[in-house]
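Analysis of the macromolecular model
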Amino acid sequence: MIADLPELGHLSGKKIAALCGLAPHTRDSGKQHGHASIGHGRSSVRKVLFNGARSAIQHNPVMKAFYRHLVDDNHRLGKVALTAVMRKMLVTLNAMIRDRSDWRHAARPAA
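Residues numbered from 1 in each chain as written. Predicted model: local features only at pLDDT ≥ 70, side-chain atom pairs only at ≥ 80, totals over all residues. Heavy atoms only, no water.

Before going further, it helps to examine the pattern of salt bridges. The tally for this structure, following the rule as stated, stands at three salt bridges. When the shortest N-O distance is used, the salt bridge between glutamate 7 and arginine 42 registers 2.8 Å. Remark: arginine 42 occurs in the loop between helix H1 (13-20) and helix H2 (43-59) and glutamate 7 occurs in the segment before H1; sequence separation between them is 35 residues. By relative accessible area, arginine 42 is classed as partly exposed at 27%. Residues aspartate 99 and arginine 98 are paired through a salt bridge, measuring 3.0 Å at the closest nitrogen-oxygen approach. In this structure arginine 98 comes out as partly exposed when scored by relative accessible area, which is 47%. (Salt bridge = Lys/Arg side-chain N within 4 Å of Asp/Glu carboxyl O. Helix = DSSP H or I, 4+ residues; strand = E, 2+ residues; numbered from the N terminus. Buried < 20%, exposed > 50% of the residue type's maximum accessible area, 1.4 Å probe, protein only.)

The following block contains the structure:
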């Protein structure tokens, strides 16, 4: 991951997500409105994050709770929620490298 993404830890969360193709790009032109889609980034990083996210939603309680919240409470499609988990993993990893910190197993605050 670090070999394919040497900018990790040096950019903001939004910029690193856009660089990897995990930020939505809308296809609007004038009065015509298209749908937002991801892509156009580093596909090798997206592939690693996709497989990591699939594993995380089964074995990591924090990511599993985040995924279930998106699917059950917010009625998101499975692949949309999986993409959100991918982005959350990337932004978290970016912050960990930037701050030189370890993974903190903090759960999402209760509503």
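To continue, consider the packing of H1 against helix H4 (residues 78-99). Between H1 and H4, the shortest axis-to-axis distance is 9 Å and the interhelical angle comes to 125°. If you check the angle between H1 and H4, you find them oblique. Crossing hand, H1 versus H4: right-handed. Of the residues in H4, those in contact with Gly13, Lys14, Ile16, Ala17 and Cys20 of H1 are Arg87, Leu90, Val91 and Asn94. Class assignment for the residues of the contact of H1 with H4 results in five nonpolar, two polar and two charged. (Axes fitted to C-alpha atoms, helices over the stretch in contact; angles between N-to-C directions. Parallel < 35°, antiparallel > 145°, perpendicular 65-115°, else oblique. Left-handed = near helix turned anticlockwise from the far one by under 90°. Contact = heavy atoms within 4.5 Å. Nonpolar A, V, L, I, M, F, W, Y, C, P; charged D, E, K, R; others polar.)

This paragraph deals with the nonpolar core. In this structure, Leu5, Leu22, Leu49, Tyr67, Val85 and Leu90 are the most contacted members of the largest nonpolar core, which totals 20 residues. Elements with a minimum of two residues in this core: H1, H2, helix H3 (61-73) and H4. Leave out the neighbours within four places in its chain, and valine 85 touches Ala53, Ile57, Met63, Phe66 and Tyr67. (Core = buried A, V, L, I, M, F, W, Y, C linked by side-chain atoms within 4.5 Å.)

A separate point is the packing of H3 against H4. The description of two helices packed together rests on the angle between their axes and the distance between the axes. Closest axis-to-axis distance for the H3/H4 pair is 9 Å, and the angle between their directions is 145°. As for the relative orientation of H3 and H4, their crossing is right-handed in sense. For the pair H3 and H4, contact is made by Met63, Phe66, Tyr67, Leu70 and Val71 and by Gly78, Ala81, Leu82, Ala84, Val85, Lys88 and Met89, respectively.

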